[in-house]
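# Observations on the three-dimensional arrangement
Chain by chain, the residues run as shown.
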Amino acid sequence: MKNLTVKCFVIGGLVFIYWIASLFISSLTGDRERLSEKTQDEVAESWSRAQSFIGPIICVPVINEDSASKVPFHCLYVLPEKLDVAADVENEILHRGIYDASVYKTQIAGKGHFDLSDMKELAVTTGGKHVRYDWANAQIITAISDKRGLLEGMKFTIGQKETELNSYFYDYGNKLLCAPLPFTSDVAICQRVDLSEFVGNGSVPFAMESNLKGASSLNIAPIGRNSEITIRGNCASPSFEGLTLPTDRTVTDTGFSATWKVNSLNRNDTAQEFYSVCRRIDFQNVGCKLLVVGGQYAQTDRVLKYAFFVILLSLLAIFVAEMYVGCEINLFNYLLIGAALVLFYLILLSFGEVIGFSAAYLVAVVMIIGLVSLYLKAIVRQNRVALAVSAFLTLIDVFIYILLSLESMSLLVGTVGLFVILAIAMYLSLNLKRRRPADEAGKAAE
């Protein structure tokens, strides 16, 4: 009995040592994930980064008529009353070595109208100043977060006026003026348009069209008083993000379609008309990540969180088999079997980078359980015992994979599963005394 107790403690020590080894593999997983992200950034730097689209916004210079200088001292900005934007996204995976980067091309088409019914044109009094709204030199502002992704100038129509937005923000000679964007005015895509004829109109229609390219994700700011944003694409694994989840969405193996309906009360970022000199506004976005590249690292890391229990239960199963068979398995054998169990996670990580997580998990299970089964068969020389232990180890791996698939229910199912396993272990331990090897039982009798 004394030798049996010592062996239990030694096996427990091996479990702890191999669990520490699994933590090193977890650290390696983090390093590989960071390398994958760095590769994605390098590809995006050459292609175009994640895109955020904002617009259109009307900018009207406000001039102080009481001043000798006719340079605007601030600007009036008008957001759309109604905004509908549709983006058709063609996703593509670029490869650099064993790593993938998600890039895309998209055609953005928008339409809607501005409400200029309450707008003024000449000589109004604001704060004691006589000011003039220079609608003849108004400009239309749109913006994307990475201008390298603009494949051509943005076509824009307001009323019956057609133009192309292909200029920088014009400051009208006042260096303090800048577009009210969350990023610098350098990424604004603008054009000056004479809007004098539309002042006082209740509905001024507009339409826009542009071709962009980007990487990883696409976001659009619903800046209308009422906005409807639709994004369609060929990606089968989008991840929706932003201000709110889509009102309607469909995801299939061949692509997805998502629609957001947002109003100004949902946004709560700014009024539909506001004055600004140099105000940065964080317009809220809706959109999606088109592909979660490198997801196998997160899944491998989740598997590693169960490493302690897997190693413990596996060595416990072999120990129980040893007691039942009566054939001693020495500590060196346990040492090699434990090393194989840790190697499982390294195989999962390395193969996952090449063939994906699910396929790598299957490869790791077949390789390691097959190896342990053959090794155990050679030690105990009983096919039935080797098959029973292999079946138990397979059951553990299948159980872990199911836990990964359940996500939100994994804690509950995992807890119940551990309870069942503990109950089985306690039941089997009741028979260990009479199943001890014959020589050990003889020593106990003396």
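Overview of the structure. These figures come from a predicted structure and were not determined experimentally. (Residues numbered from 1 in each chain as written. Predicted model: local features only at pLDDT ≥ 70, side-chain atom pairs only at ≥ 80, totals over all residues. Heavy atoms only, no water.)

### Considering the packing of aromatic side chains
Taken as a whole and judged by the stated rule, the model has 14 aromatic pairs. Ring centres 6.3 Å apart and planes at 10° place the aromatic pair phenylalanine 357 and tyrosine 401 in the stacked group. A residue pair is termed long-range when its members are at least 10 positions apart, and phenylalanine 357 in helix H6 (residues 357–380) and tyrosine 401 in helix H7 (residues 383–406) qualify at 44 residues. By way of ring pairs, the aromatic residues Phe344, Tyr345, Phe357, Tyr361 and Tyr401 are connected into one cluster. The cationic tip of arginine 192 hangs over the ring face of tyrosine 170; the distance from NZ or CZ to the ring centre is 3.9 Å. Its guanidinium or amino end placed over the ring of tryptophan 47, lysine 213 lies 4.8 Å from that ring's centre, counting from NZ or CZ. (Phe/Tyr/Trp six-rings, centres within 6.5 Å; stacked < 30°, edge-to-face > 60°. Helix = DSSP H or I, 4+ residues; strand = E, 2+ residues; numbered from the N terminus. Lys NZ or Arg CZ within 6 Å of the ring centre and 35° of its normal.)

### Topic: the nonpolar core
If you look at the biggest cluster of nonpolar residues, it comprises 69 residues, and the most contacted ones within it are Ile58, Trp135, Ile158 and Ile231. Among the elements that take part in this core, strand S1 (residues 51–64) stands out by supplying seven residues, more than any other. When sequence neighbours within four positions are dropped, the list of residues in contact with isoleucine 158 reads Ile58, Phe114, Ile140, Val193, Leu195, Phe198, Val204, Pro205 and Phe206. (Core = buried A, V, L, I, M, F, W, Y, C linked by side-chain atoms within 4.5 Å. Buried < 20%, exposed > 50% of the residue type's maximum accessible area, 1.4 Å probe, protein only. Contact = heavy atoms within 4.5 Å.)

### Details of the environment of glutamate 241
Looking at where glutamate 241 falls in the secondary structure, it is placed in strand S14 (residues 239–242). Residues glutamate 241 and serine 217, 24 residues apart in the sequence, show an inter-C-alpha distance of 9.5 Å. Dropping the residues within four chain positions of it, glutamate 241 is found in contact with Ser217, Asn219, Val286, Gly287, Cys288 and Lys289.

### Here we look at the packing of helix H5 (residues 331–355) against H6
In a packed pair of helices, the relevant descriptors are the angle between the two axes and the axis-to-axis distance. Relative orientation of the contacting elements H5 and H6 amounts to 160°, with a least axis distance of 7 Å. Here H5 is positioned roughly antiparallel relative to H6, judged by the angle of their axes. For the crossing formed where H5 meets H6, the hand is right-handed. Split by residue class, the contact of H5 with H6 holds 23 nonpolar, two polar and no charged. (Axes fitted to C-alpha atoms, helices over the stretch in contact; angles between N-to-C directions. Parallel < 35°, antiparallel > 145°, perpendicular 65-115°, else oblique. Left-handed = near helix turned anticlockwise from the far one by under 90°. Nonpolar A, V, L, I, M, F, W, Y, C, P; charged D, E, K, R; others polar.)

### With respect to the sheet that holds strand S13 (residues 226–233)
One open sheet accounts for eight strands, arranged S9-S8-S11-S4-S3-S13-S16-S15; its pairing is mixed. The open sheet is flanked by strand S9 (161–165) and strand S15 (248–252), the only strands paired with a single partner. Here the strands of the sheet are splayed against their neighbours by 15° on average, with no regard to which way each runs. Pairing analysis gives five bridges linking strand S8 (residues 154–158) to S9, with the strands arranged antiparallel. Looking at S9, one finds that lysine 155 is bridged to glutamate 164. (Pairing = 2+ DSSP bridges.)

### Quick word on the pattern of salt bridges
This structure, assessed with the given rule, holds 11 salt bridges. Glutamate 81 is the partner of arginine 225 in a salt bridge, and the nearest nitrogen-oxygen pair spans 2.8 Å. Of the two residues, arginine 225 is situated in the loop between strand S12 (217–220) and S13 and glutamate 81 in the loop between strand S2 (74–78) and strand S3 (82–96); the sequence distance between them amounts to 144 residues. (Salt bridge = Lys/Arg side-chain N within 4 Å of Asp/Glu carboxyl O.)

### Quick look at unusual backbone geometry
With omega at 0°, the peptide bond leading from glycine 55 into proline 56 counts as cis. Of note, the phi angle at tyrosine 172 is positive, near 60°, even though the residue is not glycine. Counting through the fold element by element, tyrosine 172 comes out in the loop between S9 and strand S10 (188–192). Classification of tyrosine 172 by relative accessible area gives buried; the value is 9%. Positive phi, close to 55°, is recorded for asparagine 268, a residue that is not glycine. For asparagine 268, the position within the fold is in the loop between helix H2 (264–267) and strand S17 (273–276).

### Considerations on a nonpolar patch on the surface
On the surface, a cluster of nonpolar side chains totalling about 800 Å² of accessible area is made up of Val398, Ile402, Leu406, Met409, Leu412, Val416, Phe419, Val420 and Ile424. Within the residue set of the nonpolar patch, elements represented by two or more residues are H7 and helix H8 (410–429). In terms of residue count, H8 provides more of the nonpolar patch than any other element does, five residues in total. With respect to the helices and strands, the residue valine 398 is situated in helix H7. (Patch = residues over 30% accessible without salt bridge, like charges linked within 9 Å, V, L, I, M, F, W, Y side chains within 5 Å. Areas by Shrake-Rupley, 256 points an atom, 1.4 Å probe, with all protein chains shown as cover.)

### A closer look at the pairing of S15
Two elements, S15 and strand S16 (residues 255–263), share five bridges in a ladder whose sense is antiparallel. Considered in S16, the bridge of threonine 250 is made with serine 257. Counted along the chain from S15 to the antiparallel partner S16, the turn is two residues long.

### With respect to H7
For H7, built from 24 residues, the straight-helix expectation of 34 Å at 1.5 Å per residue is met to within 8% by its first-to-last C-alpha distance of 34 Å. For H7, the set of buried residues is Val385, Ala386, Val389, Ser390, Leu393, Ile396, Asp397, Ile400, Leu403 and Leu404. (Expected span 1.5 Å × (residues − 1).)

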